[in-house]
Amino acid sequence: MAGARQAQQWLLTLLPAFPVLLLVLRLWQLSQQDMSTMLLLVQYVSPLGLLSALLIALVWAFPVVVLTFGVLGRLLRLSAPDRFDPERSLLASGTARTPGWVISAAVALAALTWQLRFLPSLLMLGLWLLALRTRYLHPDQPTRILFVSVALPLAAAVLAYSVLGPAIWTAYREGELSTAALLAVPPAATLLLTGPIPGWIAPTLTHGLAFTVAAVLPVVMGAVFLRVPLLPTAAVEVLPKHLTETATPSPTLTSATPASTSPAASAGTAARDGTAEGGREVVLGALIAVTDTSTIVLDRTAAVRFLPNDWVESQVLCPQAAAVPYSLVSAGGWPVEETALDWMMPRRPVADPDIRCEGRLPGAE
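Presented here is an overview of the structure given in this document. (Residues numbered from 1 in each chain as written. Predicted model: local features only at pLDDT ≥ 70, side-chain atom pairs only at ≥ 80, totals over all residues. Heavy atoms only, no water.)

1. What about the overall build of the protein?
Now for step 1: Looking only at helices and strands, the protein has 13 helices and eight strands in total.
Now for step 2: Here the protein holds 365 residues, and 41% of them are scored as buried.
Now for step 3: Considering only contacts in the protein between residues 6 or more positions apart, those separated by 24 or more positions represent 71%.
Now for step 4: For the protein, the accessible area works out to roughly 20,200 Å², and carbon and sulfur atoms hold 67% of it. (Helix = DSSP H or I, 4+ residues; strand = E, 2+ residues; numbered from the N terminus. Buried < 20%, exposed > 50% of the residue type's maximum accessible area, 1.4 Å probe, protein only. Contact = heavy atoms within 4.5 Å. Areas by Shrake-Rupley, 256 points an atom, 1.4 Å probe, with all protein chains shown as cover.)

Spelled out as structure tokens, the structure:
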């Protein structure tokens, strides 16, 4: 009795710490492992913005957890009922306490947030859950069990292959074997786990897979989140107001090495921004904050630049560059790397990019 409760208490204690750890690691990476820069980011970056980025980037993970552990727990309960003890097993405890509406919400959320190439896997998991639940709740109704366990998966497989068949063939022909497997294997695999497995292997298999998912999923989530932008990208056009005959670099606080704080390094930064030393320039980078006296920007060299507000001529928000698609496969015009939300939402109008977002001054050749 104490085993499952103690494990659940530890899980509830450590679970809130995981998002905080991800946020700290992301800021540590953004600051390029410089503590002063990281503390500055912590001071100015909005906690709500951090949580919003975390939620948008990892919203797909909730259905993965709910559906995967739901299938494993229901498979254990059906295959080895004598080993299904909610007081001793955390997997059994979670299965027994998860209401049906949570499963339904997870399926709906996954349908909206998973890429098209993962939707056949969602179909497989959903049908597994339905078949296992039906066998457990209605063991005396063979007609219903036969319909849910055999007829429905067959019909779903036929429908899936009729829709995804051209995409599967295109992926195979183009050498995208992983995409072809993600589209082709799950509909056929739906028939594999619509019923119990041998009781002697069920506890080892279900708990082993559960521990594997619990170990791998946080690593995948961290790898995904570490690529998510946390600060808006902006181009700031700057004109120093106290120009002299000898050009003076802009005030710069760097987070790299002491050598990068030298005038030569600052001049190099300005040159990389496509401007002449000491004159008008465009500072391109992540906008940290705008205070009463300065506009604080983390530029492309990971240097924190404090730009006096009376030097700032203009600012422009630079849109995030669209990710280059890995796969050219599509099903009915729906690219396999797009989610249903991406497909349904209106496209942003294509406009000519602002030249300042390329680090160049307006009118520059």
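2. What to know about unusual backbone geometry
Now for step 1: We note that Gln32 has phi near 55 degrees; this positive angle belongs to a residue other than glycine.
Now for step 2: Looking at the secondary structure, you find Gln32 in the loop between helix H2 (17-30) and helix H3 (35-44).
Now for step 3: A positive phi angle is found at Gln33, which is not glycine, with a value near 60 degrees.
Now for step 4: Residue position: Gln33 is located in the loop between H2 and H3.

3. A word on the layout of surface pockets
Now for step 1: The calculated volume of the second largest pocket comes to roughly 1,600 Å³.
Now for step 2: Leu11, Leu15, Val65, Phe69 and Ala214 are, among the 43 residues lining the second largest pocket, the residues nearest its centre.
Now for step 3: Contributing elements (two or more residues each) for the lining of the second largest pocket: helix H1 (2-14), H2, helix H4 (47-58), helix H5 (61-79), helix H6 (90-97), helix H7 (100-113) and helix H11 (202-225).
Now for step 4: For the lining of the second largest pocket, the element with the most residues is H11, which contributes eight residues.
Now for step 5: Taken together, the residues of the lining of the second largest pocket break down into 32 nonpolar, eight polar and three charged. (1 Å grid on protein atoms, 1.4 Å probe; cavity = no way out; pocket = protein on both sides within 12 Å on 5 of 7 lines; lining within 4 Å. Points joined across faces, edges and corners; volume = space filled by probe spheres on them. Nonpolar A, V, L, I, M, F, W, Y, C, P; charged D, E, K, R; others polar.)

4. Re a nonpolar patch on the surface
Now for step 1: A cluster of nonpolar side chains, Leu146, Val150, Leu154 and Leu191, forms an exposed patch at the surface whose accessible area comes to about 330 Å².
Now for step 2: Classification of Leu154 by relative accessible area gives partly exposed; the value is 42%. (Patch = residues over 30% accessible without salt bridge, like charges linked within 9 Å, V, L, I, M, F, W, Y side chains within 5 Å. Salt bridge = Lys/Arg side-chain N within 4 Å of Asp/Glu carboxyl O.)

5. With respect to the packing of helix H8 (residues 119-137) against helix H9 (residues 142-173)
Now for step 1: H9 packs onto H8 with a crossing angle of 170 degrees between their chain directions and a minimal axis gap of 9 Å. The orientation of H8 with respect to H9, classified from their angle, is roughly antiparallel. Along the contact surface, H8 presents Pro120, Leu123, Leu127, Leu130, Ala131, Thr134 and Arg135, while H9 presents Arg144, Ile145, Val148, Ser149, Leu152, Pro153, Ala156, Ala160 and Leu164.
Now for step 2: Residue composition of the contact of H8 with H9, by class: 12 nonpolar, two polar and two charged. (Axes fitted to C-alpha atoms, helices over the stretch in contact; angles between N-to-C directions. Parallel < 35°, antiparallel > 145°, perpendicular 65-115°, else oblique.)

6. Describing the environment of Glu338
Now for step 1: With respect to the helices, strands and loops of the structure, Glu338 is situated in the loop between strand E8 (334-335) and helix H13 (340-344).
Now for step 2: Judged by relative accessible area, Glu338 falls into the buried class, the value being 17%.
Now for step 3: Taking the C-alpha atoms as reference points, Glu338 and Pro325, separated by 13 residues in sequence, lie 9.4 Å from one another.

7. Quick notes on the state of the cysteines
Now for step 1: A full pass over the atoms with the stated rule returns one disulfide.
Now for step 2: The disulfide bridge from Cys318 ends at Cys357, spanning 2.1 Å between sulfur atoms. One disulfide, between Cys318 and Cys357, carries an S-S torsion of -95 degrees and so falls in the left-handed class. Here Cys318 is found in the loop between strand E6 (312-317) and strand E7 (330-331), whereas its partner Cys357 is found in the segment after H13, with 39 residues between them in sequence.
Now for step 3: Judged by relative accessible area, Cys357 falls into the partly exposed class, the value being 21%. (Disulfide = S-S within 2.5 Å.)

8. Regarding H3
Now for step 1: For H3, the complete set of buried residues consists of Thr37, Met38, Leu40 and Leu41. An end-on view of H3 places all buried positions within 160 degrees of arc, on one side of the element. Of the exposed residues in H3, those oriented more than 90 degrees away from the buried face are Ser36, Leu39 and Gln43.
Now for step 2: Elements in contact with the buried residues of H3: H2, strand E3 (281-290), strand E4 (294-299) and strand E5 (303-308).
Now for step 3: Its side-chain oxygen 3.4 Å from the backbone nitrogen of Ser36, Asp34 forms the N-cap of H3. (Arc of directions from axis to C-beta. Polar contact = N/O pair within 3.5 Å; in protein donor to acceptor, adjacent residues only side chain to side chain.)

9. Observations concerning the pattern of salt bridges
Once the charged atoms of two side chains with opposite charge are near each other, the side chains can pair.
Now for step 1: Scanning the model with the defined rule gives five salt bridges in all.
Now for step 2: Close ionic contact of Glu237 with Arg356 constitutes a salt bridge, the shortest N to O distance being 3.8 Å. Linking Glu237 in strand E1 (residues 233-238) with Arg356 in the segment after H13, this pair joins segments that are 119 residues apart in sequence. Grouping residues by exposure puts Glu237 and Arg356 together as buried.
Now for step 3: When salt bridges with common partners are traced through the structure, they connect Glu237, Arg280, Glu313 and Arg356 into a single cluster.

10. Describing the nonpolar core
Now for step 1: Core analysis: the biggest nonpolar cluster contains 67 residues, and Leu41, Leu58, Leu67, Trp114, Phe225, Leu231 and Ile288 have the highest contact counts within it.
Now for step 2: Looking at which element gives the most residues to this core, the answer is H5, with nine residues.
Now for step 3: Apart from the residues within four sequence positions on either side, Leu58 is in contact with Leu22, Met221, Val224 and Phe225.
Now for step 4: Of all hydrophobic cores here, the second largest spans nine residues; its members include Val236, Val297, Leu307 and Trp311. (Core = buried A, V, L, I, M, F, W, Y, C linked by side-chain atoms within 4.5 Å.)

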